[in-house]
Amino acid sequence: MQMPHSYHGQITIEKSPSYFVTPEVPERIRAMNASVKLLLIVREPVTRAISDYTQLRANAATASPTIATPPPKSFESLSLFPNGSINEAYRPLAISVYHNYLHRWLEVFPREQILVVNGDLLIEDPVSQIQKIERFLGLEPRIGTHNFYFNETKGFYCLRNETSDRCLRETKGRKHPRVDPDVISKLRRYFGEHNQKFYELIGEDLGWPEE
Ligand SMILES: Nc1ncnc2c1ncn2[C@@H]1O[C@H](COP(=O)(O)OS(=O)(=O)O)[C@@H](OP(=O)(O)O)[C@H]1O
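Residues numbered from 1 in each chain as written. Predicted model: local features only at pLDDT ≥ 70, side-chain atom pairs only at ≥ 80, totals over all residues. Heavy atoms only, no water.

A few points about the overall build of the protein
For step 1, the next point in the chain: Helix and strand counts for the protein stand at nine helices and five strands.
For step 2, the next point in the chain: Tracing the protein from N to C terminus, the helices and strands come up as α-α-β-α-α-α-α-β-α-α-β-β-β-α.
For step 3, the next point in the chain: Along the first, second and third principal axes, the C-alpha set of the protein runs to 60 × 45 × 35 Å.
For step 4, the next point in the chain: In the protein, which comprises 211 residues, the proportion classed as buried is 35%.
For step 5, the next point in the chain: Counting only contacts in the protein whose residues sit at least 6 apart along the sequence, the fraction spanning at least 24 positions is 61%. (Helix = DSSP H or I, 4+ residues; strand = E, 2+ residues; numbered from the N terminus. Buried < 20%, exposed > 50% of the residue type's maximum accessible area, 1.4 Å probe, protein only. Contact = heavy atoms within 4.5 Å.)

Here it is, written out as structure tokens:
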């Protein structure tokens, strides 16, 4: 990662979900700039895993659109072994065990340098979350309800300014497949103790369902 230079009075933001889970990244970022401010956006872990599965499936379909490929495996069959136990090594599930990754960041950065953003609230009520981010970054408050409108077709909030409206691309906010509710409950029970460990690390209870 090579960050572009910023002028005085400017901040530069760079994002990628893979930074969070890549072991060498916290130390590399500290070496680049030890006072950097970090935003960690987390969703309820089972929803995140289904989102990840949906993205991987969509990427596989675009990678080989003409070659006859076998029908995609279901999220349920990838997450659970035939005997019903959880496949903890399935990457979309493993990545949702947030405390496994966060502890490394906290070994390198003080807690106050990291803002944990609730990604489900960011979807439902972007203004409140963006305002929190503005405060954390020390920016003048500029964003308000006038900057967003709910787009019924997209099913998400989109940005609005004086000249145009802009939604995120179609790869953001894909429709998720229906997942067996019993599998969802089982996975939520599994994540329960992991979520508690994550809450302890961040000093906040995000109230994710455990059933
Ligand atoms: N306003 C708005 N419009 C569209 N999508 C929104 C919005 N706010 C948050 N999201 C959620 O962002 C999710 C995609 O984020 P990613 O982490 O995959 O993005 S990226 O990998 O960093 O590019 C994406 O996840 P999926 O719903 O699973 O597609 C969205 O739920």
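Alright, that's what it looks like, and here's the rest.
Notes on the site of the ligand
For step 1, the next point in the chain: Near the ligand, the surroundings consist of 13 residues, among which Lys15, Ser51, Lys172, Gly173 and His176 are the closest.
For step 2, the next point in the chain: Between the ligand and the protein, one listed contact pairs a nitrogen atom with a backbone N or O atom of tyrosine 157 at 2.8 Å.
For step 3, the next point in the chain: With respect to the ligand, the backbone of arginine 174 contributes an N or O atom lying 3.0 Å from an oxygen atom.
For step 4, the next point in the chain: Look at the ligand: alone it shows 640 Å² of surface, and the protein chains cover 77% of it. (Near = heavy atom within 4 Å. Polar contact = N/O pair within 3.5 Å; in protein donor to acceptor, adjacent residues only side chain to side chain. Areas by Shrake-Rupley, 256 points an atom, 1.4 Å probe, with all protein chains shown as cover.)

Details of helix H3 (residues 45–63)
For step 1, the next point in the chain: Given a rise of 1.5 Å per residue, 19 residues ought to cover 27 Å, and the 27 Å separating the end C-alpha atoms of H3 matches this to within 8%.
For step 2, the next point in the chain: Looking at H3, one finds that the buried residues are Pro45, Val46, Arg48, Ala49, Ile50, Asp52, Tyr53 and Thr54.
For step 3, the next point in the chain: The inward-facing, buried residues of H3 abut helix H4 (75–79), helix H5 (91–95) and helix H9 (181–202).
For step 4, the next point in the chain: Where H3 starts, the residue carrying a side-chain oxygen 3.1 Å from the main-chain nitrogen of valine 46 turns out to be glutamate 44. (Expected span 1.5 Å × (residues − 1).)

Describing the packing of aromatic side chains
For step 1, the next point in the chain: Here the structure, examined in full by the defined rule, presents 10 aromatic pairs.
For step 2, the next point in the chain: Ring centres 5.2 Å apart and planes at 80 degrees place the aromatic pair phenylalanine 150 and tyrosine 157 in the edge-to-face group.
For step 3, the next point in the chain: By the ring-pair criterion, three or more aromatic residues cluster together here, those being Phe20, Tyr98, Tyr101, Phe198, Tyr199 and Trp208.
For step 4, the next point in the chain: Cation over ring: arginine 160 sits above tyrosine 149, and NZ or CZ is 4.2 Å from the ring centre. (Phe/Tyr/Trp six-rings, centres within 6.5 Å; stacked < 30°, edge-to-face > 60°. Lys NZ or Arg CZ within 6 Å of the ring centre and 35° of its normal.)

Focus: the sheet that holds strand E4 (residues 156–160)
For step 1, the next point in the chain: As summarised here, the arrangement of the three strands in space is E3-E4-E5, forming an open sheet in which the pairing is antiparallel. The strands lining the two open edges of the sheet, one partner per strand, are strand E3 (148–151) and strand E5 (165–166).
For step 2, the next point in the chain: Note that E3 and E4 share four bridges and pair antiparallel. Across the sheet, residue tyrosine 149 finds its bridge partner in E4, namely cysteine 158. (Pairing = 2+ DSSP bridges.)

Some thoughts on the environment of isoleucine 86
For step 1, the next point in the chain: Tracing the chain through its elements places isoleucine 86 in the loop between H4 and H5.
For step 2, the next point in the chain: The exposure class assigned to isoleucine 86 is buried, which follows from its relative accessible area of 17%.
For step 3, the next point in the chain: Note: C-alpha distance between isoleucine 86 and leucine 187 (101 residues apart in sequence) is 7.7 Å.
For step 4, the next point in the chain: The residues touching isoleucine 86, leaving out its near neighbours within four places in the chain, are Ser79, Leu80, Phe81, Leu93, Lys186, Leu187 and Tyr190.

Some points on the pattern of salt bridges
For step 1, the next point in the chain: Evaluated as defined, the whole model comprises seven salt bridges.
For step 2, the next point in the chain: Across the pair arginine 30 and glutamate 27 runs a salt bridge whose closest N-O atoms are separated by 2.7 Å. Taken together, the positions of arginine 30 and glutamate 27, both in helix H2 (residues 25–32) and three residues apart, correspond to about one turn of that helix.
For step 3, the next point in the chain: With a shortest N-O distance of 3.7 Å, aspartate 120 and arginine 43 are connected by a salt bridge. In this pair, aspartate 120 is assigned in helix H7 (residues 119–124) and arginine 43 in the loop between strand E1 (38–42) and H3, connecting sequence segments 77 residues apart.
For step 4, the next point in the chain: Given a relative accessible area of 18%, aspartate 120 falls into the buried group.
For step 5, the next point in the chain: With relative accessibility at 21%, the residue arginine 43 sits in the partly exposed group. (Salt bridge = Lys/Arg side-chain N within 4 Å of Asp/Glu carboxyl O.)

Observations regarding the UniProt feature "binding site: 3'-phosphoadenylyl sulfate" (unreviewed entry) in the protein
For step 1, the next point in the chain: UniProt tags Arg43, Ser51, Tyr157, Lys172, Gly173, Arg174, Lys175 and His176 as "binding site: 3'-phosphoadenylyl sulfate" (unreviewed entry).
For step 2, the next point in the chain: Along the chain, lysine 175 turns up in the loop between E5 and H9.
For step 3, the next point in the chain: Classification of lysine 175 by relative accessible area gives exposed; the value is 76%.
For step 4, the next point in the chain: Its location among the elements puts histidine 176 in the loop between E5 and H9.
For step 5, the next point in the chain: The partly exposed category is assigned to histidine 176, whose relative accessible area is 26%.
For step 6, the next point in the chain: Look past the residues within four positions of histidine 176 in its chain and what remains in contact with it is Arg43, Thr47, Ile50, Ser51 and Thr54. (UniProt positions renumbered as here; feature names shortened; annotations may be inferred.)

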